[in-house]
Amino acid sequence: MSKVIIIGAGGVGGVVTHKCAQLVDVFDEIILASRTESKCQAIAAQLKRPIRTAQVDADNVPELTALLQAEKPDLVINVALPYQDLHIMDACLNAGVDYLDTANYEPPEIAKFEYSWQWAYQEKFQKAGLMALLGSGFDPGVTNVYTAYIKKHYLDEIHELDIIDCNAGDHGKPFATNFNPEINIREITAKGRYWQNGQWVEVDAMSIKDSYDFPAGIGPKDIYLLYHEELESIVKHYPEIKRARFWMTFGQSYLKHLEVLQNIGMTSIEPVMYNGVEVIPLQFLKAVLPDPSSLGPLTKGKTCIGCVAKGLKDGVEKIIYIYNICDHQECYAEVQSQAISYTTGVPAMIGAKMMLEGHWKKPGVWNMEQFDPDPFMADLNRYGLPWEVVELNNTGLAS
Ligand code: NDP
């Protein structure tokens, strides 16, 4: 029996709250807190059991500390934005509460994300006897656990890892992002980067393209190489990996819109003055784009996210593919959300469950692949994200 405070009432916050509320035996008491309390109340109204809501500005460390000291939760599940990570970690340290998030810290003024800032909290969390679990979404999150599972059960050494994220869903809008538009556009307009022979190779955004024939009737789709945060922790924890890459599907219309928006400066995070008011173009763009949580009832089709790993088992080369197929409409029927928020929110709930039940529990700041993957993989099957594992004859990638 435990008490959690979920921070952030967006697309992902909605799913985490639904999923935690389904597990009465684990999540005895739930408080959903966010900047705009009415969004928390709207989510609470969808649930079959009562939860409490609260208003909090997570960037205000004293205010959040006071909330945590008053409520004394066992765990904070941070599904606000990456900008809040360090502030929420500080408040958790002040109040003596464990911490979990789904995306690594990103400073608002620089479009750059890396683990260094959060890894720097290792000693503080260890000394306080508290635990922080980083990146418990799908990618990062499940992809890290898939990698650990492949290493534990299928390959003695992983040499090449390709994480491939396909969203074959269609929401019928000319241009919309599936999670927070500001964070999403910052991520995909950044330089691409992959790991090769002990160093990072940087390439222009979207300049490396391949195609992949996805299972479950999705079929072939164009994929583009991006930098993604789980690559950083995975190559650190598996130094044997010679090459690690991350790929994502994008349709031509999406790419054309993005190109135009970039060319006219609408994706910039440099402030501009408009009528005496300082405006950040990307934040203004977010305000005019569809809210990702509004795409739920509109989106049809499937997602397929997985890891293709090539390496050695008993001296013989093998290629293993582990993936999940998720259906947008089925997610909506269950938790009133599309599959992108669902595939992030379910692993956040499972990560929290791992900590609260003591399967994953040690003081310090940890990434997902640093724990035994088995109980987490079992819960993915149980709570809505079943996975398949297949042995392939080739990676299916041309490059
Ligand atoms: P949304 O923008 O839909 O929701 C963010 C929520 O956080 C909003 O309710 C917002 O409040 C709240 N918030 C923002 N700032 C503060 C603050 N200072 N104090 C309190 N609450 C705040 O985002 P998503 O739900 O799409 O994404 C949530 C997180 O999940 C992000 O960090 C994202 O990067 C991560 N993510 C991870 C994925 C993975 O696979 N690992 C995949 C997809 C997302 P308000 O409504 O008032 O603005």
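Residues numbered from 1 in each chain as written. Predicted model: local features only at pLDDT ≥ 70, side-chain atom pairs only at ≥ 80, totals over all residues.

Participant: Please clarify how the overall build of the protein should be interpreted in this entry.
Facilitator: Along its length, the protein carries 14 helices and 18 strands. Over its C-alpha atoms the protein spans a radius of gyration of 20 Å, differing by no more than 12% from the 21 Å that the globule rule assigns to 399 residues. Residue pairs in contact within the protein that sit at least 24 positions apart in sequence constitute 70% of those at least 6 positions apart. (Helix = DSSP H or I, 4+ residues; strand = E, 2+ residues; numbered from the N terminus. Rg over C-alpha atoms; globule rule 2.2 N^0.38 Å. Contact = placed C-beta atoms within 7 Å.)

Participant: Mind showing me how you'd approach the nonpolar core here?
Facilitator: Generally speaking, soluble globular proteins have nonpolar side chains that are buried together. The biggest cluster of nonpolar side chains holds 107 residues, and the ones touching the most others in it are Ile 7, Val 76, Ile 77 and Ala 132. If one sorts the elements of this core by residue count, helix α13 (residues 339–356) sits on top with 11 residues. Residue contributions to this core reach at least three from each of two domains, namely domain 1 (2–134) and domain 2 (142–336 + 386–392). Once residues lying within four places of it in the same chain are set aside, the contact partners of Val 76 are Ile 5, Ile 7, Leu 68, Ile 88, Cys 92, Val 97 and Tyr 99. (Core = buried A, V, L, I, M, F, W, Y, C linked by C-beta atoms within 7 Å. Buried ≥ 20, exposed ≤ 12 C-beta atoms within 10 Å, placed from the backbone. Domains from an automatic or database assignment.)

Participant: In this structure, what is going on with unusual backbone geometry? I would like to understand it.
Facilitator: What is expected of a backbone is that most residues other than glycine have negative phi and most peptide bonds are trans. Omega for the bond connecting Asp 139 with Pro 140 falls within 30 degrees of zero, at 10°, which places this linkage in the cis form. Along the chain, Pro 140 falls in the loop between β6 (131–134) and α7 (142–153). At Asn 197, a residue that is not glycine, the phi angle is positive and equals roughly 45°. Mapping Asn 197 onto the fold places it in the loop between β8 (192–196) and β9 (199–203). Of note, the phi angle at Asn 275 is positive, near 50°, even though the residue is not glycine. Within the element layout of this structure, Asn 275 appears in the loop between β13 (272–274) and β14 (277–279).

Participant: Honestly, the site of the ligand in this entry has me stumped. Any pointers?
Facilitator: Taken together, 33 residues are adjacent to the ligand, and Gly 8, Gly 10, Ala 58, Gly 137 and Phe 179 come closest. Ranked by residues supplied to the shell around the ligand, first place goes to helix α1 (residues 11–22) with 3 residues. Among the residues making up the shell around the ligand, the classes are represented as 15 nonpolar, 13 polar and 5 charged. The residue makeup of the shell around the ligand includes at least three contributed by each of domain 1 (2–134) and domain 2 (142–336 + 386–392). (Near = placed C-beta within 6 Å. Nonpolar A, V, L, I, M, F, W, Y, C, P; charged D, E, K, R; others polar.)

Participant: What's the story with the domain arrangement of the protein in this structure? I'm lost.
Facilitator: Many authors give the size of an interface as the accessible area that is lost as the parts come together. Here the protein is partitioned into domain 1 (2–134) and domain 2 (142–336 + 386–392). For domain 1 versus domain 2, the separation of C-alpha centres amounts to 24 Å. Each partner contributes to the interface: domain 1 provides 14 residues, whereas domain 2 provides 13 residues. Taken together, the residues of the side of domain 1 that touches domain 2 sort by class into 7 nonpolar, 6 polar and 1 charged.

Participant: Looking at this structure, I do not really get the packing of α13 against helix α14 (residues 373–382). What am I missing?
Facilitator: Helix-helix packing is characterised by the crossing angle of the two axes and by the distance between the axes. Taken N-terminus to C-terminus, the directions of α13 and α14 make an angle of 135°; their axes are 10 Å apart at the nearest point. Our classification of the angle between α13 and α14 gives oblique. In the crossing of α13 with α14, the sense of the turn from one axis to the other is right-handed. Taken together, the residues of α14 that come into contact with α13 (itself represented by Ile 350, Lys 353 and Met 354) are Pro 375, Phe 376, Asp 379 and Leu 380. Of the residues contributing to the contact of α13 with α14, the split by class is 5 nonpolar, no polar and 2 charged. (Axes fitted to C-alpha atoms, helices over the stretch in contact; angles between N-to-C directions. Parallel < 35°, antiparallel > 145°, perpendicular 65-115°, else oblique. Left-handed = near helix turned anticlockwise from the far one by under 90°.)

Participant: Looking at this structure, I do not really get the sheet that holds β6. What am I missing?
Facilitator: Picture the strands of a sheet paired through backbone hydrogen bonds; they go either parallel or antiparallel. Judged by pairing direction, the sheet is parallel, and its 7 strands sit side by side in the order β3-β2-β1-β4-β5-β6-β17 without closing on themselves. Bordering the open sheet on either side are β3 (52–55) and β17 (364–367), each of which pairs with just one other strand. Ignoring which end each strand starts from, the neighbouring axes of this sheet average 20° apart. Both strand β5 (residues 98–101) and β6 contribute to a ladder of 2 bridges, which runs parallel. Bridging across to β6, Leu 100 finds its partner in Leu 133. Lying on the sheet, α1 is in contact with β1 (2–7), β2 (27–34) and β4 (75–78); it crosses β2 at an angle near 165°. (Pairing = 2+ DSSP bridges.)

Participant: Whenever I open this one, the pairing of β3 confuses me. Can you help?
Facilitator: Residues in a regular strand project their side chains so that they alternate between the two faces of the sheet. Two strands pair when backbone bridges link them, and β2 and β3 are joined in this way by 4 bridges, in the parallel orientation. The residue of β3 that forms the bridge with Leu 32 is Thr 53. Viewed along the sheet, the connection from β2 through helix α2 (residues 37–44) into β3 turns out right-handed. (Right-handed = clockwise from strand over helix to strand, strands pointing away.)

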